[in-house]
Amino acid sequence: MTVFSITSPRSRGTRTRAHLVPILLSGAAAAGAVALVAYLLWPTWGTRGANAPDKLPVSVGGTLFNLPTSAIRMKIQRHSGPQERLDLDFLYPSLEPPGAPKHVTTETIDAAMQPIDRIFLSIAAHHDALAPEQRTATIYPRYLDQAATQPEEGLTMRMFRADTPYGSEDLYSAASPALTARCTRDAATPGMCLSERRVGGADLTFRFPRSWLSQWRDVAEAMDRLTAQLRGPKG
């Protein structure tokens, strides 16, 4: 006796579709995740969208800042609300937000090193860490050479000793306008300066070329103006 197994074509198709549904849903979820990551990390070569606000209210360490959207360097940081850290840059000396970066290729890149034309700023919550003023008054003096020079009128420079954590840097200070900057020395790459200040619950860290200290008053006043602008009338 021969036994025939009769299976309906419709039932086989139904089971096949039932197996395909989870696979398709998983694939769609994975594609969505990849698309989100690509959107957040993709370089921002294009111009800012027409509907994007000119400024964003952002809270860092509980302190409110009004930040130009186009000055925020990382797309993932371009949103309002509380944030732990922000990275910005501004053209110098205008202090205007930079335009959209050009898409550089091997055909268009200029082999010559271009001078830096902007001041960089990081804003981060300090979480009650030692204030920049206290660090200058209590930590740095332990590592500084006693000798001091005046490279520019009103500006004092002291070298950090070679056997200290800041051995390749110098400390610049001035009273009016107030300026404190820790600067690396010129080497294979030009020296850069770091100047910090505390505003409420956030520390502001400015970075700029050491060569700008030949006009140190302009730099100090630019940092003061930029700090006031970012706080805004409701800061």
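Predicted model only: the values in this text are computed from it and were never measured.

What counts and what doesn't
Residues numbered from 1 in each chain as written. Predicted model: local features only at pLDDT ≥ 70, side-chain atom pairs only at ≥ 80, totals over all residues. Heavy atoms only, no water. Buried < 20%, exposed > 50% of the residue type's maximum accessible area, 1.4 Å probe, protein only. Helix = DSSP H or I, 4+ residues; strand = E, 2+ residues; numbered from the N terminus. Arc of directions from axis to C-beta. Contact = heavy atoms within 4.5 Å. Pairing = 2+ DSSP bridges. Axes fitted to C-alpha atoms, helices over the stretch in contact; angles between N-to-C directions.

**Overview of helix H2 (residues 132–139)**
Point 1. Residues of H2 that are buried include every one of Pro132, Arg135 and Ile139, and no others. Axial view of H2: buried residues confined to an arc of 70°, hence all on one face.
Point 2. Against the buried residues of H2 lie strand S10 (192–199) and strand S11 (202–209).

**Describing the sheet that holds strand S9 (residues 179–184)**
Point 1. If you trace the eight strands from one edge of the open sheet to the other, you get S4-S5-S11-S10-S9-S8-S7-S6, paired in antiparallel fashion. Two strands bound the open sheet, and with one partner strand each, they are strand S4 (85–91) and strand S6 (144–152). Within this sheet the neighbouring strands show an average axis-to-axis angle of 25°, counted without direction.
Point 2. Bridging between strand S5 (residues 118–125) and S11 involves six bridges; their strand directions are antiparallel. Paired with Ile123 across the strands is Leu204, a residue of S11.
Point 3. Sitting on the sheet, H2 is in contact with S9, S10 and S11, with an inclination near 120° to S10.

**Quick notes on the sheet that holds strand S2 (residues 63–68)**
Think of a sheet as strands paired side by side through backbone hydrogen bonds, with each pair either parallel or antiparallel.
Point 1. Strand order in the open sheet formed by three strands is S2-S1-S3, and the pairing between neighbours is mixed. One side of each edge strand has no neighbouring strand; the edge strands of this open sheet are S2 and strand S3 (81–83). With direction set aside, neighbouring strand axes in the sheet form an average angle of 40°.
Point 2. Examined bridge by bridge, strand S1 (residues 55–60) and S3 share three bridges and lie parallel to one another.

**Remarks on the pairing of S1**
Point 1. Where burial is concerned, the two faces of S1 differ: the one with Leu56, Val58 and Val60 is buried and the one with Lys55, Pro57 and Ser59 is not.
Point 2. Pairing between S1 and S2: six bridges, direction antiparallel. Pairing of Val58 across the sheet is with Phe65, part of S2.
Point 3. Adjacent in sequence and paired antiparallel, S1 and S2 are bridged by two residues, among which Gly61 carries a positive phi angle near 60°.

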